[in-house]
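Descriptive analysis of the structure
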Amino acid sequence: MGFSRPRVGKDGKVRYAAVYRDIRGNIRHAGTFATEAQADKAWQKALAKLSLERLPDPGKGRQRFRRYVEDVWFPNHVIELRTRENYDYEIQRYIMPWFAGMRMIDVLPIDVREWVTHLQSEGVNPPTIRFCMTILSAIFTTALNDLVIVLHPCKGVKTPPVPKKKRTIITPEQFDSLYESLTDARMKLLVEVKIETGLRWGELTELRPKDIDFATRTLTVSRVVIELNPKHHPEGGRFLVKDYPKDREHRSVRFSKQIACKLQAFIRDEAIEADSLLFRLHQDELPRPRRLRVLLDPETLGFIEPECRYKHGTLSGYSAGKCRCQHCKDVYADYRARRREAGKDSPRRRRTINTDGHIPRTWFRDKVWKPGIKAADLRIHVRPHDLRHAHASWLLAGGADLQVVKERLGHASITTTEKYLHTLPDEDDTALDAFDKIRNRSKPASIRAV
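Let us look at the structure shown here.

Cut-offs applied
Residues numbered from 1 in each chain as written. Predicted model: local features only at pLDDT ≥ 70, side-chain atom pairs only at ≥ 80, totals over all residues. Heavy atoms only, no water. Helix = DSSP H or I, 4+ residues; strand = E, 2+ residues; numbered from the N terminus. Buried < 20%, exposed > 50% of the residue type's maximum accessible area, 1.4 Å probe, protein only. Contact = heavy atoms within 4.5 Å. Areas by Shrake-Rupley, 256 points an atom, 1.4 Å probe, with all protein chains shown as cover. Lys, Arg positive; Asp, Glu negative; His and termini not counted. Salt bridge = Lys/Arg side-chain N within 4 Å of Asp/Glu carboxyl O. Polar contact = N/O pair within 3.5 Å; in protein donor to acceptor, adjacent residues only side chain to side chain. Core = buried A, V, L, I, M, F, W, Y, C linked by side-chain atoms within 4.5 Å. Pairing = 2+ DSSP bridges. 1 Å grid on protein atoms, 1.4 Å probe; cavity = no way out; pocket = protein on both sides within 12 Å on 5 of 7 lines; lining within 4 Å. Points joined across faces, edges and corners; volume = space filled by probe spheres on them. Nonpolar A, V, L, I, M, F, W, Y, C, P; charged D, E, K, R; others polar. Axes fitted to C-alpha atoms, helices over the stretch in contact; angles between N-to-C directions. Parallel < 35°, antiparallel > 145°, perpendicular 65-115°, else oblique.

1. Considering the overall build of the protein chain
Along the backbone of the protein chain there are 18 helices and eight strands. Out of the 450 residues belonging to the protein chain, those deemed buried represent 37%. Taking as baseline every contact in the protein chain between residues at least 6 positions apart, the subset at least 24 positions apart corresponds to 56%. Accessible surface computed for the protein chain: about 28,400 Å², of which carbon and sulfur atoms make up 50%.

2. A few points about the side chain of R408
In this fold, R408 is placed in helix α15 (residues 402–409). This buried residue, R408, is left without a salt bridge; E196 holds the nearest opposite charge, at 6.7 Å. Among the polar contacts made by the side chain of R408, one reaches the main-chain carbonyl oxygen of E196 at a distance of 3.0 Å. Once residues within four sequence positions are removed from consideration, R408 is found in contact with E196, T197, R251, V253, R254, H391 and L395.

3. Examining the nonpolar core
Counting 42 residues, the largest nonpolar core has I170, L190, L219, L278, F279, I359 and F364 as the members making the most contacts within it. When residues of this core are traced back to their parent elements, those giving at least two are α7 (172–181), α8 (185–197), α9 (201–204), β5 (218–221), α10 (257–270), α13 (361–376) and α14 (386–397). Counting 32 residues, the second-largest nonpolar core is a separate cluster that includes V69, C132, A143 and C154.

4. Topic: the pairing of strand β8 (residues 251–254)
The side-chain alternation of β8 yields one buried face, formed by R251 and V253, and one unburied face, formed by S252 and R254. Both β5 and β8 contribute to a ladder of four bridges, which runs antiparallel. Residue pairing in the sheet places L219 in a bridge with V253 of β8.

5. Some words on the pattern of salt bridges
Tallied over the full model, the rule gives 21 salt bridges. For the salt bridge of R82 with E85, the shortest nitrogen-to-oxygen distance reads 3.1 Å. Taken together, the residues span about one helical turn, with R82 and E85 both in helix α4 (residues 81–99) at a distance of three residues. The partly exposed category is assigned to R82, whose relative accessible area is 36%. The salt bridge partner of R238 is E227, with a shortest N-O separation of 3.6 Å. Note that R238 is positioned in the loop between β6 (224–227) and β7 (239–242) and E227 in strand β6, a separation of 11 residues in sequence. What makes E227 buried here is its relative accessible area of 15%. One salt-bridge network, in which partners are shared between bridges, spans E206, R208, D211 and R223.

6. Concerning empty space enclosed by the protein
Considering all chains together, one arrives at one cavity of 30 Å³ or more under this definition. In this model, the largest cavity occupies a volume close to 60 Å³. As for the largest cavity, its lining consists of E203, E206, L207, D211, T220, V221, S222 and R223. Grouping the amino acids of the lining of the largest cavity by side-chain chemistry returns two nonpolar, two polar and four charged.

7. Some points on the packing of helix α3 (residues 65–76) against helix α6 (residues 126–145)
Running from N to C, α3 and α6 point in directions that differ by 80°, and their axes come no closer than 12 Å. It follows from the interaxial angle that α3 and α6 lie roughly perpendicular. Residues F65, Y68, V69 and W73 of α3 pack against I135, L136, A138, I139, F140, T142 and A143 of α6. Tallied by class, the residues present in the contact of α3 with α6 amount to 10 nonpolar, one polar and no charged.

8. Observations regarding unusual backbone geometry
Phi is positive for A271, which is not a glycine, with a value near 55°. Within the secondary structure, A271 is located in the loop between α10 and α11 (315–319).

9. With respect to the side chain of H389
Along the chain, H389 falls in helix α14. With sequence-adjacent residues up to four places away left out, H389 is seen in contact with R167, I169, R383 and Y420.

So this is what it looks like as structure tokens:
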């Protein structure tokens, strides 16, 4: 909407101001003119230009995919920091190599389908392809909304199906075996608290005595710690404490009397203050640098194979002979160390565990969980997070109300909780008993009793 507004100048002459309203309703001026016709033409031209700015700009569409993602989309896309880290990895690993040099307006559904086929041929598993497609679709949805493109290239493009696998739930007997195989009393308590409360790893490792009410045997989940790559951390650190759990809602979880007694004794014996971490990783528990090894004379180690000309403990044995014995690995490590010392190589730094007291996932998995699984001789693949699955499954198998379990675990949807129904290995026994009861009713009672 626009109009011409007459006004009298200092010289007494009447002039006309070209006035119009922008998309927010604010009054804008397009200049002052000697005639009303000139003013009308000015505000009409301004409105036309404003309308054109709201249409897809071919110039925006000609920018390269890499520039749009790295300079426009990713910095302004509001997501959790942990999700941002995952997005960054998948974008650089699977999406950029294919689309980076293409113009945004040139990407069509056929290009996306070819990309999916390429990932399949490279052996990328279906869940990863589906996740990458989710990211790519989000990028082009934003571009479509910003009028960078006029066609969404991901619409109608399908990814390989992701089969739903049956959950492997650890049984109470298997857990008891795993629990007894753990040697550290503190880690045994951590594992027991996890199986009896179903807390997520970030909720459990951020737990503090002030969160526990022993009078009501209730702990409050109000925070969670996440582990990040330093480049995604606001302060360049490793751990970030968020003042809300995954579902963004505080919740209370009750625990048993025996756990309450163990926790009280643990807090008292370790003299843990109310604001300190309940389960803390101490500096003396961090892995130390490997000791330097003495390199032996290759002449005393012999050849890799009887008819192979490469000897153990040589660079040729490692590189050309593909030998990975300790002698060959040691000599290659010494070679790389000498090159670094001479400034000839710039490899990435040795990975170290940087912690502020929170227990890193990798440390727990490598130092506690895997040795415990091996000592217990469990024949199933069990992750630490599977204890949360087991907690939900055991509750439902024991007759707990579905809504209660949902609230206890902090699920956003009850559909998520329903996935844990009938997941224990012996859940089918009731169905078999019911079938046998009908199947064998025509047989004599003496035979049915056998």
